[in-house]
Amino acid sequence: MRTISPDEVPEWIDNELFAPDRERPIVAITTDFRSKEFLLEPEDLESRVSDLAEVVAIPTGEATWTLSEALPAKLDVYGGAMRVWWPGLTRESNPYDHKLFLATNRDEAVAAAERIGRALREWSGEPDCAAPAVPPIAVEVTGVEPTIDVVDAQGRHGRVTEADVPLHALSICLRAGTKLDAVRLDPTDERSEGLRFSLVGQIPSPWDRIGSELTPGDIVFGRIVAIQDRWTLVELLPSARGIVGIAEIDHSFVESIADFVEIDEIVKVRIQSIDPDARRAVLSIKEAITAKAEPLPSPSLVAGGAPFDWFEFLGRSIEDTEEVEDGDDEARIDGLKRQLRAANDDRALLRDTVARLRRELRSLEDRFGELQRLAGPDLDPLKGERSFLRAVRVAHARDVEEDERADFLLGPMRVGPSFLETARDLEDVPVDKLVDVAAQIAAGKVQNVEGREVHALGVDGPATDSAGRVRERDGAKAWRCSLQMNEPESLRMLWWSVPSEAGDRIEFASVNEHDDFDIPE
């Protein structure tokens, strides 16, 4: 038994899978989407097939995706399923001759391994396994909880023990009285009760059901079953999966798909294209988000059956792991469905909020990046007026939140003749602190910052708004504030507020000691 890595897949397909002289069947087993584990240990499968076939293990993910891309339609395998490729396989082979065995839990995996073993022994001609084929018979469903119970035309009762889809998924679509074709797994047993029936090969494939009821443009619910860097897989029905590319996740920028969806989440998807024969569907989550149409009911897994319901499916999966009292199955399932729908709605609301915040962050990052680009990599705020004002604009873009932008617009500003000289003499205050305070002043935000001690500047000290110093030549008013908050001896930044028709212009004047009230004219 060997494990096939993604890099080995192409060579393995050409040199072994399609080898014209291959004499033994190849049986592949894959890992489950959710647990990332094999539902049945590959060594266990190998022991069940003895020396009749070669067993290969292929982890679901990049390896099975590479396999799907390299093989003709319907010949791939992934997500916990197993497949037998018989000798003589070519690219023109009928995929139904190389059967796929589905499983979603260990019991189903064991049953699939037993069926593979029987098929291999029949192929090899072992006499003790060459039992004649058993024809299907008509049965009627008598109950679906906790097992799918049936009765045949002779009144013999039993239960369905295997199918091509998970039994608890199938039970959602069945009701008492539903007619089915089934195969008795113990045809010689003369009991009238306790018999076992198989629906393998007796119900349509999920892709057939999807193809008969859904078309491009339809919106339906689906379940996230795999997340990769550039795509995610969504099950439209159990074992029928479509792909959503990273560009179809959300209308905002998507860096990581895992930030938007998670495994087992129920999402709305819009079908962009669908090819049931090739078992392919291309889906979009973001188109479904903005669409006004409500999701259509999912197709039933059986012709004429009830629509499949993902919320009930997950509810029954949760139920399997919990201890509950008998007699309240319907109430319990209804309660679980309500909880799942509410959780799904909450996730959708949170996803919309996160998307909006990401858009705002992206806008700020773009603006900040543009300002950095314009400023250049070696920006020295104190190099000159142009450099200082660029640094102020960068600080404003970085520090003013999007929802504050309208209230604190960056106004016109200039640097006075003595400002940079006094700023270069600073020792106790970092330059970036000087730039941050200048940005607060230019945006009119400084008055809202507690501890800045903003006040008009009088001739000999602080002044009231009406008694502040006014420059004669242009009517500018003098102001100052603290550079270091809540420190009485802090340095002060001084500036002129110059009135104009377009609004007050800030002129940064100087940086002074706390008791120095002289401002350059």
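Calculation criteria
Residues numbered from 1 in each chain as written. Predicted model: local features only at pLDDT ≥ 70, side-chain atom pairs only at ≥ 80, totals over all residues. Heavy atoms only, no water. Helix = DSSP H or I, 4+ residues; strand = E, 2+ residues; numbered from the N terminus. Buried < 20%, exposed > 50% of the residue type's maximum accessible area, 1.4 Å probe, protein only. Contact = heavy atoms within 4.5 Å. Areas by Shrake-Rupley, 256 points an atom, 1.4 Å probe, with all protein chains shown as cover. Core = buried A, V, L, I, M, F, W, Y, C linked by side-chain atoms within 4.5 Å. Salt bridge = Lys/Arg side-chain N within 4 Å of Asp/Glu carboxyl O. Pairing = 2+ DSSP bridges. Phe/Tyr/Trp six-rings, centres within 6.5 Å; stacked < 30°, edge-to-face > 60°. Lys NZ or Arg CZ within 6 Å of the ring centre and 35° of its normal. Axes fitted to C-alpha atoms, helices over the stretch in contact; angles between N-to-C directions. Parallel < 35°, antiparallel > 145°, perpendicular 65-115°, else oblique. Left-handed = near helix turned anticlockwise from the far one by under 90°.

## A short note on the overall build of the protein
And step 1. Check the secondary structure of the protein and you find 12 helices and 21 strands.
And step 2. Counting all 521 residues of the protein, 48% fall into the buried class.
And step 3. Considering only contacts in the protein between residues 6 or more positions apart, those separated by 24 or more positions represent 64%.
And step 4. Accessible area for the protein stands at about 25800 Å²; split by element, carbon and sulfur atoms hold 48% of it.

## Digging into the nonpolar core
Generally speaking, nonpolar side chains in soluble globular proteins are found buried as a group.
And step 1. Residues L170, L174, V269, L283, I285, L301 and F308 are the most contacted members of the largest nonpolar core, which totals 50 residues.
And step 2. Top element by residues in this core is helix α5 (residues 167-173). It accounts for 5 residues.
And step 3. Excluding its chain neighbours within four sequence positions, the residues that come into contact with L283 are V234, L236, G242, I243, V244, E248, V269, R270, I271 and Q272.

## Focus on the pattern of salt bridges
And step 1. Enumeration according to the criterion identifies 23 salt bridges in this entry.
And step 2. Between K445 and E404 there is a salt bridge, and its shortest N-O distance comes to 3.2 Å. Highlighted residues: K445 in the loop between α12 (431-442) and β17 (455-457) and E404 in the loop between α10 (385-399) and β16 (413-415), separated in sequence by 41 residues.
And step 3. You can call K445 buried: its relative accessible area is 18%.
And step 4. Relative accessible area serves as the criterion here: at 24%, E404 is assigned to the partly exposed category.
And step 5. A network of salt bridges, in which partner residues are shared, links R414, R471, R473, D474 and E507.

## A closer look at the sheet that holds strand β19 (residues 477-482)
And step 1. Taken together, the 6 strands give an open sheet; going across it, the order is β16-β21-β20-β19-β17-β18, and neighbouring strands pair in mixed fashion. Either end of the sheet is taken by a strand with one partner, and the two such strands are β16 and β18 (462-463).
And step 2. Where strand β20 (residues 492-498) lies against strand β21 (residues 505-512), 7 bridges are found, and the strand directions are antiparallel. The partner of V498 across the bridge, within β21, is R505.

## So, the side chain of Q440
And step 1. Tracing the sequence through the fold places Q440 in helix α12.
And step 2. Discounting chain neighbours no more than four positions away, the residues touching Q440 are K445, V446, V449 and R452.

## What to know about the packing of aromatic side chains
And step 1. The tally for this structure, following the rule as stated, stands at 10 aromatic pairs.
And step 2. With a centroid separation of 4.9 Å and 85° between ring planes, the pair formed by F308 and W310 is classed as edge-to-face.
And step 3. Here W310 falls in the buried class, since its relative accessible area comes to 2%.
And step 4. Taking 5.1 Å as the distance between ring centres and 65° as the angle between the ring planes, the aromatic pair formed by F388 and F419 counts as edge-to-face. Taken together, the positions of F388 in helix α10 and F419 in helix α11 (residues 419-424) put the pair 31 residues apart, joining distant regions of the chain.
And step 5. The rings of F308, W310 and F313 are connected pair by pair, giving a single aromatic cluster.
And step 6. The ring of F408 is capped by K445, whose NZ or CZ atom sits 5.9 Å from the centre of that ring.
And step 7. Its end group placed over the ring of W496, R471 keeps NZ or CZ at 4.7 Å from the ring centre.

## Observations concerning the packing of helix α2 (residues 42-49) against helix α4 (residues 106-124)
And step 1. Between α2 and α4, whose axes approach to 9 Å, the crossing angle comes to 30°. The orientation of α2 relative to α4 falls into the category roughly parallel. When the axes of α2 and α4 are compared, the crossing they make is right-handed. Here D44, L45, R48 and V49 of α2 lie close against α4, whose contacting residues are R106, V110, A113, E114, I116, G117, L120 and R121.

## A look at the sheet that holds strand β7 (residues 149-152)
And step 1. Ordered by their spatial adjacency, 5 strands build a closed barrel running β6-β7-β8-β10-β9, and the pairing between neighbours is mixed. Pairwise comparison of adjacent strand axes, ignoring direction, gives a mean angle of 55° for this sheet.
And step 2. With 3 bridges connecting them, β7 and strand β8 (residues 157-162) associate as antiparallel partners. Residue pairing across strands places V151 opposite H157, the latter belonging to β8.

## Let's talk about the side chain of S68
And step 1. Secondary-structure assignment places S68 in helix α3 (residues 62-70).
And step 2. Exposure remark for S68: the relative accessible area of 3% places this residue in the buried category.
And step 3. Excluding its chain neighbours within four sequence positions, the residues that come into contact with S68 are D76, Y78 and R280.

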